[in-house]
Amino acid sequence: MSATQALYIEGIGFWASSLPGWEAARAILRGEAAPPATPQTRPAPALLPPAERRRAPDTVAVSLEVATRACEMAKRDPKQMSSVFASTHGDLAISDNLCDTLAKTPSLTSPTKFHNSVHNAAAGYWTIATGCMKPYTSLSAYTFTFGEGLLEAASQALSEGDPVLYVAFDIEARGPVGTMQPSRGVFAGALVLCAEPGERSMAKLAFDLSDSDHAQPSQARAANAALVEGNAIANGLPLFEALADGVERLVVQPLAPHLNLRMQVTPVVTASTVAQSRIQRA
């Protein structure tokens, strides 16, 4: 087991088809509200101009939405933060469309769709829309994507001593590609991570690495897990469930077949979190 490290969460962004936004998701995950009767349409990120907003693929729309909300909650300027974007598959819907077009009518291949198909498209849109010149990382680690992305963001925050934005997302897969690499619905989460506690700290993450013989990966409660079932990055839900519960809890996130990221999630009570809690209850 590695030495324990700690960092702090200042902002949360969240969006899923049945958990539309952190405020709604928090109540639903706690069992205090019912999920919407029908899956919600994707969010419309205000960062983009109207024309770009309409043309943006689902990966861009949902990742920019949660990233914006996390920065707003943390009261952090996006221009001043490095970021880590993690997605298991990127935009499989566009990849499927491109493959179909190349097979049938290659001369009609859309440069815009190709531009949006690359794995770092969402990160690129974010830095352009916010005017951020800080470094960003875009990564994939297949079924271990959420944990590996979180570890990368945590490592950057601790080594550099500056806040880091972490964004993880996956969307619905379509067509033949989707039969090989399935993913259902839309699920995205974002966290602003800091090495030091502050007045906006919401939770402390004390984490270390352990082999899988010591602890199995955490599972969300069955009713909550069903809301994102089948999404390629759904194994990230237990952390957001712990943050929604607001109680101390151990969350174990897989990093590799025999390696886990163990996180002790502890709420941090400050004047700002008390005020925020009162607003959410009102």
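This text gives an overview of the structure that appears in the document. (Residues numbered from 1 in each chain as written. Predicted model: local features only at pLDDT ≥ 70, side-chain atom pairs only at ≥ 80, totals over all residues. Heavy atoms only, no water.)

Now for the sheet that holds strand β4 (residues 164-170). Reading across from one edge, β3-β2-β4-β5-β1-β6-β8-β7 is the order of the eight strands in this open sheet, with mixed pairing throughout. Here the strands that pair on one side only, and so sit at the sheet edges, are β3 (136-139) and β7 (249-256). Neighbour-to-neighbour, the strand axes of the sheet open up by a mean angle of 25°, direction not taken into account. Strand direction decides the pairing type here: β4 and strand β5 (residues 187-194), joined by seven bridges, are antiparallel. Residue pairing in the sheet places aspartate 170 in a bridge with phenylalanine 187 of β5. Docked against the sheet, helix α10 (residues 237-245) engages β1 (5-16), β5, β6 (203-210), β7 and β8 (259-267), running at close to 165° with respect to β7. (Pairing = 2+ DSSP bridges. Helix = DSSP H or I, 4+ residues; strand = E, 2+ residues; numbered from the N terminus. Axes fitted to C-alpha atoms, helices over the stretch in contact; angles between N-to-C directions. Contact = heavy atoms within 4.5 Å.)

Following the criterion strictly, the structure yields six aromatic pairs and no others. With centroids separated by 6.2 Å and ring planes inclined at 65°, the aromatic side chains of phenylalanine 146 and phenylalanine 240 adopt a geometry described as edge-to-face. One end of the pair, phenylalanine 146, is in helix α7 (residues 145-160); the other, phenylalanine 240, is in helix α10, and 94 residues separate them in sequence. Note on phenylalanine 240: relative accessible area 1%, which makes it buried. Every member of this aromatic cluster is reached through a ring pair, and the members are Phe14, Trp22, Phe146, Tyr166, Phe187 and Phe240. (Phe/Tyr/Trp six-rings, centres within 6.5 Å; stacked < 30°, edge-to-face > 60°. Buried < 20%, exposed > 50% of the residue type's maximum accessible area, 1.4 Å probe, protein only.)

The element α10 is extensively covered by neighbouring structure, given that nine of its nine residues are classed as buried. For α10, the full list of buried residues reads Leu237, Pro238, Leu239, Phe240, Glu241, Ala242, Leu243, Ala244 and Asp245. Glycine 246 sits one or two residues past α10 and shows a positive phi near 70°.

A few words now on the side chain of glutamate 10. Relative to the helices and strands, glutamate 10 is located in strand β1. At a separation of 2.8 Å, a polar atom in the side chain of glutamate 10 contacts the side chain of arginine 76. When near neighbours in sequence (up to four residues on either side) are disregarded, glutamate 10 contacts Met73, Ala74, Arg76, Val192, Cys194, Arg200, Ser201 and Met202. (Polar contact = N/O pair within 3.5 Å; in protein donor to acceptor, adjacent residues only side chain to side chain.)

The next point concerns the side chain of serine 87. Positionally, serine 87 belongs in the loop between β2 (82-86) and α4 (92-104). Since its relative accessible area comes to 0%, serine 87 is described here as buried. Side-chain polar atoms of serine 87 contact the backbone nitrogen of glycine 90, separated by 2.9 Å. The residues contacting serine 87, other than those within four sequence positions of it, are His119, Leu139, Ser140, Thr145, Phe169 and Asp170.

So, about the packing of helix α3 (residues 58-74) against helix α6 (residues 121-130). It is the contact of α3 with α6, at a shortest axis distance of 9 Å, that shows an interaxial angle of 50°. Overall, the two elements α3 and α6 adopt an arrangement that is oblique. In this structure, α3 meets α6 at a crossing whose hand is right-handed. Together, Thr59, Val60, Ser63, Leu64, Ala67, Thr68 and Cys71 of α3 and Ala121, Ala122, Tyr125 and Trp126 of α6 make up the contact between the two elements. (Parallel < 35°, antiparallel > 145°, perpendicular 65-115°, else oblique. Left-handed = near helix turned anticlockwise from the far one by under 90°.)

No statement about biological role is implied by the geometric values presented.
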